[in-house]
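Each chain, written out:
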Amino acid sequence: MSELLLELLSEEIPARMQLRASEDLKRLVVEGLKTRGLETGAATAYSTPRRLTLVVEGVPAKSPAISDEKKGPRVGAPEQAVQGFLKSAGLASIKNATVVKDEKKGDYYVAKIDKPGRAAAEIVAETVVEVAGKFPWPKSMRWGSSPFQWIRPLQSVLCLLDGKVVPFEIAGLPAGAETRGHRFLGPGPFKVKNFTDYKSKLAAHHVMLDPAARVAAISERAHALAKEAKLELIEDEALLSENAGLTEWPVVLMGSFDKAFLEVPGEVLMTSMKTHQKCFSLRVPRAKKLANKFLLVANLVAEDGGAEIIAGNEKVIAARLSDAKFFWDQDLKHPLGEMAGKLSGITFHEKLGTQKDRVERIAELAFELAGACDADPQDARRAAALAKADLVSGMVGEFPELQGLMGRYYAEHVGAKPEIARAIELHYKPKGPTDVVPHADQGDAVAVAVALADKLDTLVGFWAIGEKPTGSGDPYQLRRAALGVIRIVLENDLRVPLVKATTDHYKSQYLGMSLHGMHAGMTSVIDVTDQAKTGWQQLTALRGVDEIIPDLLSFFADRLKVFLRDQGKRHDLIDAVFALGGQDDLALIVRRVEALDAFLKTNDGTNLLAGVKRAANILAIEEKKDKTSYAAPYDLKLLTEKEETALAAAIEAVKQDTVAAINVENFAGAMRALSELRAPVDQFFEKILVNADDPKIRENRLRLLSEIRAATLTVADFSKISG
């Protein structure tokens, strides 16, 4: 078995593309070899700013020989069919084919095809050329007169199999055994024999091949420099990976900036240094305040110890921080309320009006939701009214990722209540599945109300204009908004009936206040006092409330399934609960699902599920056969057997007990009540013949089975449960 070593050396590859590119190279080459009959051992890919490298172990000398049979047309088939068969099978004459006797369908031809194994080098060359020619770069370029495309111009190709060069060309570059080291510290070409030799010589020429090694080296040196300065490194994994993708031989250096810049919020300084110079920030350990120091990662071992590099970065950072301070000083001249007034000049969506219109809708919904969140309604309304104001600030214009946070700072500057200021910052959360959620019991009740209102308004609005997610497309991040609602509600254990909340909001804000171009004939605000009826008719014709809300609730159900499935919950139990209808309280749905899950794990639950399904199956068969429904009250007088009367009594008791338990949200109690059906159901099926000879007795027993189904429907639709 041999080792395959491949390197594609080019101009600088963007850091964000390197990891994906190395994985694609490994996947495509290994799959290509396998498709051509060459099974290999382990493969490992590496990347640096200038190269993609792949090493594959256990490559056989050649692919195995293949013997196969290809079935052809029947004997006596038209000449055109015969010739097509000969061509596809690679046969010169029909005499080279074998005739297979078949008395039923008629004799037919079979071609026996023997393919000898191919040399590994031939397969490798063919595969690499194909992979390079179709490589899935997000963006690529051409250079010179060649039609070949790569992320940046290729400089050389190295390809060795068992230490020998595999002959092929890519973009006019012949594969060889040579590569180059660091652009400045080891620029000369050198030859390698195998991967061990390759990696060793790269290191000698100042190239750390493994991205993980570069990450570790940067992290270790950054922490050491911070410790020497009695400071603390502000961890940033993304920035660490980015710097590893920008350097082949990382060298960490420390610089400083004027303390006067510390008057600007620390997050602004950190964002500016990270965005513009890819620098790490440092803080004073005990005070947890930003220090006027930073760490940069150079790709060069300088003769002056990095003094000139540090000075250059300090100069650039001073200019960038001056810009940030200018934005800060200018923004403070305009109160947040004044900024909020300028939101009328920012379009949120052409069919949903401006950001000012949106903020007004969110403010009213936050006011309505405040009670469920234990928040002050007026504080919730005020916070929502200011939540988007920082979008017109100079700082957020420069650094959009600071929206919300800057709003909090500007609110604090004018003496806003802490709860309102915090709500302005936190109302965007959660921004993703791993992001934190504001919690009412931690003093952020106002933030919870505004965050919910923001996301619900987004969902209702886009559903109203028919802009739902489709397949993998979700340009307005509506799935994330729905997941945010789910997480906020569940993690705060809120009681928010979604149907009422969304319906009331839709009618009052989208229909009762104003409609902004929500269909082709509406290009201006429609005043409700003059045109409310017309507006309602026009909008309902496009997306009626009876269509929007159930559709939106179904979307929430799907998102809830995904969320709970990721937590190990069964999606069929969620279906069973949603099938009851009127299930729009997310917290109660989850409690019911959890109680149902626990119940079905018991013997009583397992056996009752089997009994209910048996009853449902019998009913389905008999109702189809009789073309009638047996969902009607049974006649107590016709219950002659003790097992029938016992089951009837149990059903009536269970109905009352489960309803009573559910009314006080005691779902575990409802399941315990439901378990009382298990024994009577088992006894009924063991002793009673449902399809009795007497038609009246048969009908009555089928109605009794229907009551089993009805009794369990107070808890869940058992027909939706697998098992």
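What you see as residue numbers is a count from 1 along each chain, following the sequence as written. Local features in this predicted model are restricted to residues whose pLDDT is 70 or higher, and side-chain atom pairs enter the listing and the counts only when it is 80 or higher, whereas totals over whole chains, interfaces and linings include all residues. The basis for every side-chain value is the complete set of heavy atoms in the structure, and neither hydrogens nor water enter the calculation.

Draft legend 1. View of the overall build of the protein chain. Helix and strand assignments follow DSSP, with helices taken as H or I runs no shorter than four residues and strands as E runs no shorter than two, numbered in order from the N terminus. Assigned secondary structure in the protein chain consists of 26 helices and 18 strands. Radius of gyration: over C-alpha atoms. The globule rule applied is 2.2 Å multiplied by the number of residues raised to the 0.38 power. Whereas a compact globule of 723 residues would reach a radius of gyration of roughly 27 Å, the protein chain reaches 36 Å, over 25% beyond that. With the C-alpha coordinates aligned to their principal axes, the bounding extent of the protein chain is approximately 100 × 95 × 55 Å. We call two residues in contact when some of their heavy atoms are within 4.5 Å. Looking at the protein chain alone, contacts between residues at least 24 apart form 69% of all its contacts between residues at least 6 apart. Approximately 34900 Å² of the protein chain is accessible, and the part contributed by carbon and sulfur atoms is 51%. The centroid of the 95 positive side-chain charges in the protein chain is displaced by 4 Å from the centroid of its 99 negative side-chain charges. Reported accessibility uses the Shrake-Rupley method at a 1.4 Å probe radius. Residues are deemed covered only where the shown protein chains occlude them. Asp and Glu count as negative and Lys and Arg as positive, but His and the ends of the chain are not part of the count. Charge positions come from single atoms, namely NZ of Lys, CZ of Arg, CG of Asp or CD of Glu.

Draft legend 2. Structural detail: unusual backbone geometry. The omega angle of the peptide bond from Lys429 to Pro430 is -5°, so this bond is cis rather than trans. A positive phi angle is found at Asp162, which is not glycine, with a value near 55°. Note on placement: Asp162 falls in the loop between strand 7 (154-161) and strand 8 (164-165). With a 1.4 Å probe rolled over the protein chains alone, any residue whose accessible area is under 20% of its type maximum counts as buried; one over 50% counts as exposed, and the rest are partly exposed. Classification of Asp162 by relative accessible area gives exposed; the value is 51%.

Draft legend 3. Quick look at the packing of aromatic side chains. Planes of paired rings set the category: under 30 degrees apart is stacked, over 60 is edge-to-face and the rest tilted, where pairs are Phe, Tyr or Trp rings (Trp by its six-membered ring) whose centres lie within 6.5 Å. Summed over all chains, the structure comprises 14 aromatic pairs. When the ring of Trp328 is compared with that of Tyr409, the centres are 6.2 Å apart and the planes differ by 90°; the resulting orientation is edge-to-face. Residue Trp328 is found in helix 8 (residues 307-331), and its partner Tyr409 is found in helix 13 (residues 405-413); the two are separated by 81 residues along the sequence. You'll find Trp328 and Tyr409 in the same group, each marked buried. Within the aromatic cluster, the residues linked to one another by ring pairs are Phe135, Trp137, Trp143, Phe148 and Trp150. Over the aromatic face of Tyr409 sits the side chain of Arg408, whose NZ or CZ is 4.6 Å from the ring centroid. In this scheme, Lys NZ or Arg CZ marks a charge over a ring once it lies within 6 Å of the ring centre and within 35 degrees of the ring normal.

Draft legend 4. Looking closely at the nonpolar core. Core analysis: the largest hydrophobic core is formed by 140 residues, its most contacted members being Leu459, Leu560, Leu677 and Leu705. Broken down by element, this core gets its largest block of residues, 15 residues, from helix 15 (residues 445-464). By convention a nonpolar core is built from buried Ala, Val, Leu, Ile, Met, Phe, Trp, Tyr and Cys residues, the set being connected through side-chain atoms within 4.5 Å. Judged by nonpolar contacts, the second largest core, of 35 residues, contains Leu25, Ala43, Ile151 and Ala175.

Draft legend 5. Spatial organisation of the side chain of Thr458. You can see Thr458 is positioned in helix 15. Counting of polar contacts relies on pairs of N or O atoms within 3.5 Å, with two restrictions inside protein: one atom must be capable of donating a hydrogen and the other of accepting it, and residues adjacent in sequence are counted only when both atoms are side-chain atoms. From its side chain, Thr458 meets the backbone oxygen of Asp454 in a polar contact 2.9 Å long. In this structure Thr458 touches Arg358 and Leu478, once residues within four positions along its chain are discounted.

Draft legend 6. Molecular detail of the pairing of strand 1 (residues 2-10). Burial runs high along strand 1: nine of the nine residues are buried. Side chains Ser2, Leu4, Leu6, Leu8 and Ser10 project from strand 1 onto one buried face, and the interleaved Glu3, Leu5, Glu7 and Leu9 project onto a second face that is buried too. Two strands pair if DSSP finds at least two bridges between them. With seven bridges connecting them, strand 1 and strand 3 (residues 51-59) associate as antiparallel partners. Counted as the bridge partner of Leu6 is Leu54 from strand 3. Taken together, the seven bridges between strand 1 and strand 7 define a ladder with antiparallel strand orientation. Along strand 7, the bridge assignment pairs Leu8 with Val157.

Draft legend 7. How the structure looks around the pattern of salt bridges. Here, a salt bridge means any side-chain nitrogen of Lys or Arg that lies within 4 Å of a carboxyl oxygen of Asp or Glu. This structure, assessed with the given rule, holds 52 salt bridges. Ionic pairing is found between Arg495 and Asp585, a salt bridge with its closest N-O pair at 2.8 Å. Of this pair, Arg495 sits in the loop between helix 16 (478-491) and helix 17 (498-511) while Asp585 sits in the loop between helix 20 (571-578) and helix 21 (586-600), and the two are 90 residues apart along the sequence. A residue is classified by how much of its surface remains accessible, and Arg495, at 34% relative accessible area, is partly exposed. For Asp585, a relative accessible area of 10% corresponds to the buried category. Residue Glu622 pairs with Arg698 through a salt bridge whose shortest N-O separation is 2.5 Å. With Glu622 in helix 22 (residues 603-626) and Arg698 in helix 26 (residues 695-712), this residue pair connects regions lying 76 residues apart in the sequence. Sharing partners across several salt bridges, the network here consists of Arg36, Arg118, Glu122, Glu126 and Glu130.

Draft legend 8. Molecular detail of the sheet that holds strand 3. Across the sheet, which stays open at both edges, the five strands sit in the order 2-3-1-7-8 with antiparallel pairing between neighbours. Here the strands that pair on one side only, and so sit at the sheet edges, are strand 2 (43-48) and strand 8. Packing of helix 1 (residues 15-35) onto the sheet brings it into contact with strand 1, strand 2 and strand 3, and relative to strand 2 it is tilted by some 150°. In this analysis, axes come from line fits to C-alpha atoms, helices being fitted only over the stretch in contact, and the angle between any two N-to-C directions falls in the range 0 to 180 degrees.

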